[in-house]
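Overview (structure and organization)
The lines below spell out each chain.
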Amino acid sequence: MIPRGAIYLVSGITDMRKSIDGLSLIVADILEMDPLSSAWFIFCNRGKDKIKILFWDTNGFWLYYRRLEKGRFKWPKPTASGHIHISTQQLNLLLSGLKLENPQAHQPLYGREVCSRVLIFILGLNDLFSLSH
């Protein structure tokens, strides 16, 4: 499933013995958010090797559970608000074992940058050929 609403990491540590009722109480009472919204709420344990994703869909809750057999999730530090709003791309980074901050991705290039670089390269070649003749 792909998130249709906001995605929130519940910062800090969550007792993974909690199920739908306990996690939805955290969302409602501690975060003061609506667990019946279209948002996804993601919880992590102390060892950072287990997460649960809770969300409401039409007429019931979904609860996804993931346990890593090796490695740890790069879970961010707790915040004063108790949650961190993230994008779908950041969720994919987290689930892939990468940090949310400063991911090492290629920087996007835009039309003028590409044209400028190509033009500089061509002019450089032209200068190189004119010097050798």
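Residues numbered from 1 in each chain as written. Predicted model: local features only at pLDDT ≥ 70, side-chain atom pairs only at ≥ 80, totals over all residues. Heavy atoms only, no water.

Focus on the sheet that holds strand S2 (residues 40-44)
Rules: Here, a strand pair is defined by DSSP locating no fewer than two bridges between the strands. Numbering goes from the N terminus for both helices and strands, where a helix is a DSSP run of H or I of at least four residues and a strand is a run of E of at least two. Fitting a line to C-alpha atoms yields each axis, with helices limited to the stretch in contact; the angle taken between N-to-C directions then spans 0 to 180 degrees.
Spatially, five strands are ordered S4-S3-S2-S1-S5 in an open sheet, and the strand pairing comes out mixed. Among the strands making up the open sheet, the edge pair consists of strand S4 (60-67) and strand S5 (83-86). Strand-to-strand twist across the sheet, computed as the mean angle between neighbouring axes with direction ignored, equals 20°. Note: S2 against strand S3 (residues 50-57), four bridges, orientation antiparallel.

Digging into the pattern of salt bridges
Quick note on the threshold: Any carboxyl oxygen of Asp or Glu within 4 Å of a side-chain nitrogen of Lys or Arg constitutes a salt bridge here. Under the scheme applied here, a residue whose accessible area is under 20% of the maximum for its type counts as buried, over 50% as exposed, and between as partly exposed, the area being computed with a 1.4 Å probe on protein chains only.
Within the structure shown, the criterion is met by five salt bridges. Residue Arg17 is joined to Asp15 by a salt bridge in which the shortest nitrogen-to-oxygen separation is 2.9 Å. Given the relative accessible area of 75%, Arg17 is considered exposed. Between Glu69 and Arg67 there is a salt bridge, with the nearest N and O atoms lying 2.8 Å from each other.

Some details on the pairing of S5
Burial along S5 is one-sided: the residues Ile84 and Ile86 are buried and none of His83 and His85 is. Two strands pair when backbone bridges link them, and strand S1 (residues 7-10) and S5 are joined in this way by four bridges, in the antiparallel orientation. Paired with Ile7 across the strands is Ile86, a residue of S5.

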